[in-house]
Amino acid sequence: MEQKLDISVVVPLYNEVESLPELIAWIDRVMLDNQLSYETILIDDGSNDGSWTVIEQLQANYPTLRGIRFARNYGKSAALYCGFDAAQGEVVITMDADLQDSPDEIPELRRMIIEDGYDLVSGWKKKRYDPIGKRWPSKFFNWTARRASGIRLHDFNCGLKAYRRKVIKSIEVYGEMHRFIPILARKAGFRHIGEKVVEHHARKYGHSKFGLERMLKGYLDLITVLFMSYFGRSPMYFFGGLGTLMFLFGGGTTIWIIATKIWKQLHEMPLRPVTEQPLFYLAILAIVLGVQLFLAGFLGELINRNSTDRNKYLIDKKL
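Note that this is a predicted model, so its numbers are computed, not measured.

Caption draft 1: Looking closely at the confidence of the model for the protein. Taken residue by residue, the protein gives an average pLDDT of 85. The fraction at 70 or more is 86%. Across residues 310-319, confidence stays below pLDDT 50; counting only partners more than four residues off in sequence or on other chains, it has seven contacts.

Caption draft 2: Structural detail: helix α1 (residues 20-33). The terminal C-alpha atoms of α1, which comprises 14 residues, lie 20 Å apart, in line with the 20 Å expected from a rise of 1.5 Å per residue. What α1 keeps buried is the set L20, L23, I24, W26, I27, D28, V30 and M31. Looking at the buried side of α1, the elements it contacts are β1 (5-13), β2 (38-44), α2 (51-61), β3 (65-69) and α4 (106-114). Just beyond α1, the residue with positive phi is Q35, at close to 55°.

Caption draft 3: Highlighting the side chain of E301. Inspection of the secondary structure puts E301 in helix α10 (residues 278-305). At 3.3 Å, the side chain of E301 and the backbone nitrogen of M236 are in polar contact. Sequence-distant contacts of E301, that is, excluding residues within four places in its chain, are made with R233, S234, P235 and M236.

Caption draft 4: Spotlight on the environment of R66. Among the secondary structure elements, R66 is positioned in strand β3. Given a relative accessible area of 29%, R66 falls into the partly exposed group. Considered as a pair, R66 and I41 are 25 residues apart in the sequence and their alpha carbons are 4.8 Å apart. Setting aside residues no more than four positions away along its own chain, R66 makes contact with E39, T40, I41, L42, Q59, A86 and Q88. A distance of 2.7 Å separates a polar atom in the side chain of R66 from a polar atom in the side chain of E39.

Conventions adopted
- Residues numbered from 1 in each chain as written.
- Predicted model: local features only at pLDDT ≥ 70, side-chain atom pairs only at ≥ 80, totals over all residues.
- Heavy atoms only, no water.
- pLDDT = per-residue confidence, 0-100.
- Contact = heavy atoms within 4.5 Å.
- Helix = DSSP H or I, 4+ residues; strand = E, 2+ residues; numbered from the N terminus.
- Expected span 1.5 Å × (residues − 1).
- Buried < 20%, exposed > 50% of the residue type's maximum accessible area, 1.4 Å probe, protein only.
- Polar contact = N/O pair within 3.5 Å; in protein donor to acceptor, adjacent residues only side chain to side chain.

Below, the structure written as structure tokens:
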């Protein structure tokens, strides 16, 4: 039987050997000061700097500490997925292991979940200590995510977040989707999403594990998660609709070209052969692409209707 806990702190990490002792001591101090029962779950994402050895040593002094170790580096989303699966707390807090997120924020984040009724509270690093080359791309990315998703959050990327337990048990985080957990949560039916300004610290040890390539991955993942949000259950609406429009455009253009040729022939007007008109080939291309898109939507519907998780629905209450 699972133990009833107030909080589960889920911390994905990769090569953070220097910061782990300080982080765990800080979390423990905050929990004891606020008289909260808790567990800390450290997910070692294939570190090669001795992080797992430190986790094993820390576990001897902190009985509430649990560890998960990956055989290789799978990424932050995979680490969060496994951490969420193992979490037993009523409220689940995620934070980074580099000491840039402050554990002192945990009690207030929990209060917003328990007392204010939020399903998810995302941190907002209003004052950041990252280099400008990291801050401005992040601002642009967050602006794009806000506009595209309609969720009014300033910092989708902030690792410090709080969740009601049923939220993290109802979503699946994969790829690089950890940036878009609020979007995944809303798609799953959790619409009470809040935000809290949190303290951000300059990096004390090591260096950032994320490069500029994460911006490209972020935008590709944003397109993916938005598509899945709107058309994941009905791909025919997207592919079939777009395919139908292209087919109608191509077919209508072809008919117009042929009708124009016949009309000019009847009136003995000069004309160009149909096969010498570039518009004719564009029309044929549109017809072919339209048919392919329609078939893609049809196949997507067949796959979706035979999916094993089709009937996994979130039931909030039963009588």
